Amino acid sequence: MTVDRSALVQTLRAFCARHPSWALFDEPTGDLLEIASGKRLQIRLSELVAVEERPNSQSGVPYLMLGFGDGHEIAIADIGIAFAAVTPAVPHAPTLPPVVCMQDFLAAYAQLRHHVVDHPDEKPDRSVLDLMVLALGILEGARVAGFDISREERELDAVLSELEKRR
């Protein structure tokens, strides 16, 4: 099967032009800028094998699914750039949402930080551990998608260190 990458890139360009508050596409560099988080994701246009606009099954709002040669997919949607979470190998890990975005990480991290840093005298309960697993799963999914998550990893490591001090 031959892939017409110019048509795929054209579809990507047109979708982003119609939804500039979701993501901006810089074709010369292959960068997608997610507006909600300010994160950049470099798309290897040579690895793009599918681009398809679809309606969200719940809201009807369109999103753009991008498929890559290695099998991973991302979507550009009203929530930003969406990707699959990766469940960490943790016993009794909670079920993670099938699709997440960096905004989900920021929300989970804020809740986690609030529990751990803002309430140092309270013993963490299962919900705090579940938040940690969720944050880790989102970050691993972001890494697979191609995001640079080094800053977020450092921030999460600091909270994890604080959490470990309480054991």
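The preceding data block contains the structure.
This text gives an overview of the structure that appears in the document. (Residues numbered from 1 in each chain as written. Predicted model: local features only at pLDDT ≥ 70, side-chain atom pairs only at ≥ 80, totals over all residues. Heavy atoms only, no water.)

**Some details on the side chain of Lys39**
If you trace the backbone, Lys39 turns up in the loop between strand E2 (31-34) and strand E3 (40-42). A distance of 2.5 Å separates a polar side-chain atom of Lys39 from the backbone oxygen of Asp148. Setting aside chain neighbours within four positions, we find Lys39 in contact with Leu32, Leu33, Glu34, Met102, Phe147, Asp148, Ile149 and Glu152. (Helix = DSSP H or I, 4+ residues; strand = E, 2+ residues; numbered from the N terminus. Polar contact = N/O pair within 3.5 Å; in protein donor to acceptor, adjacent residues only side chain to side chain. Contact = heavy atoms within 4.5 Å.)

**Considering the packing of helix H3 (residues 126-145) against helix H4 (residues 150-164)**
Direction vectors running N to C along H3 and H4 enclose 160°, while the axes themselves pass 11 Å from each other. With respect to H4, the axis of H3 lies roughly antiparallel. Crossing handedness for the pair H3 and H4: left-handed. The segment H3 lies against H4, with Val128, Leu129, Met132, Ala135, Leu136, Leu139 and Arg143 engaging Glu152, Glu153, Leu156, Leu160 and Leu163. For the contact of H3 with H4, a count of residues per class yields nine nonpolar, no polar and three charged. (Axes fitted to C-alpha atoms, helices over the stretch in contact; angles between N-to-C directions. Parallel < 35°, antiparallel > 145°, perpendicular 65-115°, else oblique. Left-handed = near helix turned anticlockwise from the far one by under 90°. Nonpolar A, V, L, I, M, F, W, Y, C, P; charged D, E, K, R; others polar.)

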